[in-house]
Amino acid sequence: MSMTRTNEPSFRESVDLMFNRAVALMDLPPGLEEKIRVCNATYTVRFGVRLRGQIQTFVGYRSVHSEHMEPVKGGIRFAPSVNQDEVEALAALMTYKCALVEAPFGGSKGGLCIDPRQYDEHELEQITRRFAYELAKRDLIHPSQNVPAPDMGTGEREMAWIADQYARMNTTDINARACVTGKPLNAGGISGRVEATGRGVQYALREFFRDPRDVAKAGLSGSLDGKRVIVQGLGNVGYHAAKFLQEEDGSKIVGIIERDGALYNPDGLDVEGVRNWIVKHGGVTGYPDATHTAEGGAVLEEDCDILIPAALEGVINLGNAANIKAPLIIEAANGPVTAGADEILRKKGTVIIPDMYANAGGVTVSYFEWVKNLSHIRFGRMQRRQEEARHQLVIDELERLDRYLGDAWSMTPEFKQKYLRGADELELVRSGLDDTMRIAYQSMREIWHDRVDVEDLRTAAYLVSINKVAASYRAKGL
Ligand code: GLU
């Protein structure tokens, strides 16, 4: 997808510009602003792996933005475009994201310059293990220092390799599994981590639509039901967000933008169908029941109610911001709107639910996974049957009442079934995520509504999180 990139600041500069807009409205002690903004350290590693008979050199990074809380947290990205500027921008966003949703971590991010599609599984395992070794030996993977997670180009499989590599290097560490999150369930993962970021986008939108004043600010009305959505990127985040909005909230997914173009259908696309098509054919081209546009980026500018950029940074930039018609944008990706585009959209009255909040579902459930690993027990294991036994007592009483009242009253069968079932890990994770997303949104909403000098949700989000980071530094005596 070709995007017109005009002369714009880099991703990291863009994040800094947004940060600066927010701190200008704050009253921080002199010097603290600079201390929070800068990235503490970025480690670059070049390592060789013998593949196909010759040594190949790879370049990887792990950047630590802020250690006001430890461990620091953030994903590891595998992509050919990975570079130091990008990793530092993403690490900074992790600091603000964790502070906003009260995940007790500092911010970090890692990346490896690689096109994973060029390697087979065994080769990728060798490369990932070697990268993990290089990071772990410098405590850049460590349960109490630095805890990576999946990001673009990585998933459960890579996290399992990383966890195993760390365990091999730290054979007596009882908490070894907490060195990385996003692991498969059988390697210490948690139910609901894969869907978490997309689920968080859904919960964020639900909370936004709970307040008619917010909905009105975007020039919309009503609920998510029937809203026309365009999603850019049907990867893990975009797919889950679109699927849940379609299946559970009645939203209509009218556009899907992918690497090889975009699909558009004003009557709505079947998300599951498109996903299966991509898996089978490697792209969206040829998918029936939709108009295909080879120049996918153009569909970002189509008419819709909600635009969900869920892929790369910088896709909404000075080149296309003025043409974006969506009155509401939710940033499922990190940094999809550049600082310049943000200003144009703000002036147009577009409401943007910012990345550091919108995609925080991933790190939130990562936090639950880390806690699960450290406590060495699955959530719900102690309470579930006890909860069911207590509910049974209520049901017994209601059944007695049912018999007594005869035809006058009876319990609905679904109620009994639903009420009796104790919550399993997945339900608890979703409940914890929902609560987190609601509370974080409410903290932004309050500032957005109450402060006349705060025009947008992004500035509100920065204010909340910078205040939290500043409070941590103050408590440390800095
Ligand atoms: N890579 C994800 C993000 O950008 C998740 C990070 C994590 O779970 O630590 O937020």
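Residues numbered from 1 in each chain as written. Predicted model: local features only at pLDDT ≥ 70, side-chain atom pairs only at ≥ 80, totals over all residues. Heavy atoms only, no water.

Quick notes on the overall build of the protein
Here is step 1: Secondary structure summary: the protein contains 16 helices and 12 strands in total.
Here is step 2: Taking 2.2 N^0.38 as the reference for a compact globule, 478 residues should give roughly 23 Å; the C-alpha atoms of the protein span a radius of gyration of 23 Å, in line with that estimate.
Here is step 3: Dimensions of the protein, computed from C-alpha atoms along their principal axes, come out at roughly 80 × 55 × 55 Å.
Here is step 4: Every one of the 478 residues in the protein was classed for burial, and the buried ones make up 55%.
Here is step 5: A separation of at least 24 residues holds for 70% of the contacts in the protein among residues at least 6 apart in sequence.
Here is step 6: For the protein, the accessible area works out to roughly 20,400 Å², and carbon and sulfur atoms hold 50% of it.
Here is step 7: With 58 positive and 67 negative side-chain charges, the protein shows a spacing of 4 Å between the two charge centroids. (Helix = DSSP H or I, 4+ residues; strand = E, 2+ residues; numbered from the N terminus. Rg over C-alpha atoms; globule rule 2.2 N^0.38 Å. Buried < 20%, exposed > 50% of the residue type's maximum accessible area, 1.4 Å probe, protein only. Contact = heavy atoms within 4.5 Å. Areas by Shrake-Rupley, 256 points an atom, 1.4 Å probe, with all protein chains shown as cover. Lys, Arg positive; Asp, Glu negative; His and termini not counted. Charge placed at Lys NZ, Arg CZ, Asp CG, Glu CD.)

Quick look at the sheet that holds strand β1 (residues 41–51)
Here is step 1: Pairing is mixed across the open sheet formed by five strands, whose spatial order is β1-β2-β4-β3-β5. Each of the sheet's edge strands pairs with one partner strand only, and the pair in question is β1 and β5 (146–150). Strand-to-strand twist of the sheet, defined as the mean angle between neighbouring strand axes without regard to direction, takes the value 25 degrees.
Here is step 2: Sheet topology note: the strand β2 (residues 54–66)/strand β4 (residues 106–113) ladder contains six bridges and is antiparallel. Opposite valine 64, over in β4, you have serine 108 as the bridge partner. (Pairing = 2+ DSSP bridges. Axes fitted to C-alpha atoms, helices over the stretch in contact; angles between N-to-C directions.)

Digging into the packing of helix α3 (residues 84–100) against helix α16 (residues 457–476)
Relative orientation and spacing of two packed helices are given, respectively, by the angle between their axes and the distance between those axes.
Here is step 1: Following both chains from N to C, one finds α3 and α16 inclined at 85 degrees, their axes separated by 8 Å at the closest point. With respect to each other, α3 and α16 are oriented roughly perpendicular. Contacts from Leu93, Thr95, Tyr96, Ala99 and Leu100 of α3 reach α16 at Ala461, Tyr462, Val464, Ser465, Lys468 and Val469. (Parallel < 35°, antiparallel > 145°, perpendicular 65-115°, else oblique.)

As for the packing of aromatic side chains
Here is step 1: Enumeration according to the criterion identifies 14 aromatic pairs in this entry.
Here is step 2: Ring-pair connections join several aromatic residues into one group, and the members of that group are Phe47, Phe58, Tyr119 and Phe131.
Here is step 3: The ring of tryptophan 448 carries lysine 217 above its face, with NZ or CZ at 4.4 Å from the centroid.
Here is step 4: Sitting over the ring of tyrosine 239, arginine 275 keeps its end group 4.1 Å from the ring centre. (Phe/Tyr/Trp six-rings, centres within 6.5 Å; stacked < 30°, edge-to-face > 60°. Lys NZ or Arg CZ within 6 Å of the ring centre and 35° of its normal.)

Description of the layout of surface pockets
Over the atoms, a rolled probe matching the size of one water molecule traces out where space is still vacant.
Here is step 1: The computed volume of the second largest pocket comes to approximately 190 Å³.
Here is step 2: As for the second largest pocket, its lining consists of Lys217, Asp342, Arg346, Gly349, Thr350, Val351, Ile352, Trp448, Glu455, Asp456, Leu457 and Arg458.
Here is step 3: Per-class residue counts for the lining of the second largest pocket are four nonpolar, two polar and six charged. (1 Å grid on protein atoms, 1.4 Å probe; cavity = no way out; pocket = protein on both sides within 12 Å on 5 of 7 lines; lining within 4 Å. Points joined across faces, edges and corners; volume = space filled by probe spheres on them. Nonpolar A, V, L, I, M, F, W, Y, C, P; charged D, E, K, R; others polar.)

Some remarks on the site of the ligand
Here is step 1: Neighbouring residues of the ligand: 14 residues in total, closest Lys97, Lys109, Pro150, Asp151 and Ser366.
Here is step 2: One nitrogen or oxygen atom from the side chain of arginine 193 is found 3.1 Å from an oxygen atom belonging to the ligand.
Here is step 3: Across the complex, the protein chains shield 94% of the 290 Å² of accessible surface that the ligand would expose by itself.
Here is step 4: When contributions to the shell around the ligand are tallied by element, the ones reaching two or more residues are β3 (72–79), α3, β5 and α12 (361–375). (Near = heavy atom within 4 Å. Polar contact = N/O pair within 3.5 Å; in protein donor to acceptor, adjacent residues only side chain to side chain.)

Digging into the nonpolar core
Here is step 1: Core analysis: the biggest nonpolar cluster contains 89 residues, and Leu205, Phe208, Leu328 and Tyr462 have the highest contact counts within it.
Here is step 2: Among the elements that take part in this core, α16 stands out by supplying 10 residues, more than any other.
Here is step 3: Setting aside residues no more than four positions away along its own chain, tyrosine 462 makes contact with Val15, Met18, Phe19, Ala22, Leu93, Tyr96, Met356 and Asn467.
Here is step 4: In terms of nonpolar packing, the next biggest core, distinct from the first, is built from 28 residues, Val45, Ile141, Trp161 and Val180 among them. (Core = buried A, V, L, I, M, F, W, Y, C linked by side-chain atoms within 4.5 Å.)

Brief notes about empty space enclosed by the protein
Here is step 1: With the rule as written, the count across this model stands at one cavity of 30 Å³ or more.
Here is step 2: Here the largest cavity is characterised by a volume of approximately 30 Å³.
Here is step 3: Ile76, Phe78, Thr128, Phe131, Ala132, Leu135, Ile141 and Ile162 are the residues that line the largest cavity.
Here is step 4: For the lining of the largest cavity, the elements supplying multiple residues, two or more each, are β3 and α4 (121–136).
Here is step 5: Tallying contributions element by element places α4 first for the lining of the largest cavity, with four residues.

Examining the UniProt feature "site: Important for catalysis" (unreviewed entry) in the protein
Here is step 1: In the numbering used here, UniProt assigns the "site: Important for catalysis" (unreviewed entry) feature to Asp151.
Here is step 2: Relative to the assigned elements, aspartate 151 resides in the loop between β5 and α5 (156–169).
Here is step 3: Residues contacting aspartate 151, with those up to four places away along its chain left out, are Gly75, Ile76, Arg77, Lys109 and Asn334. (UniProt positions renumbered as here; feature names shortened; annotations may be inferred.)

As for the pairing of β3
Here is step 1: Along β3, eight of the eight residues are buried, which leaves the element largely enclosed by surrounding structure.
Here is step 2: As paired strands, β3 and β4 are joined by six bridges and run parallel to one another. Each bridged residue has a counterpart across the sheet, and for arginine 77 the counterpart in β4 is glycine 111.
Here is step 3: Remark: the β3/α3/β4 crossover connection has right-handed handedness.
Here is step 4: Where β3 meets β5, five bridges bridge the pair, whose relative direction is parallel. Counted as the bridge partner of glycine 75 is alanine 149 from β5. (Right-handed = clockwise from strand over helix to strand, strands pointing away.)

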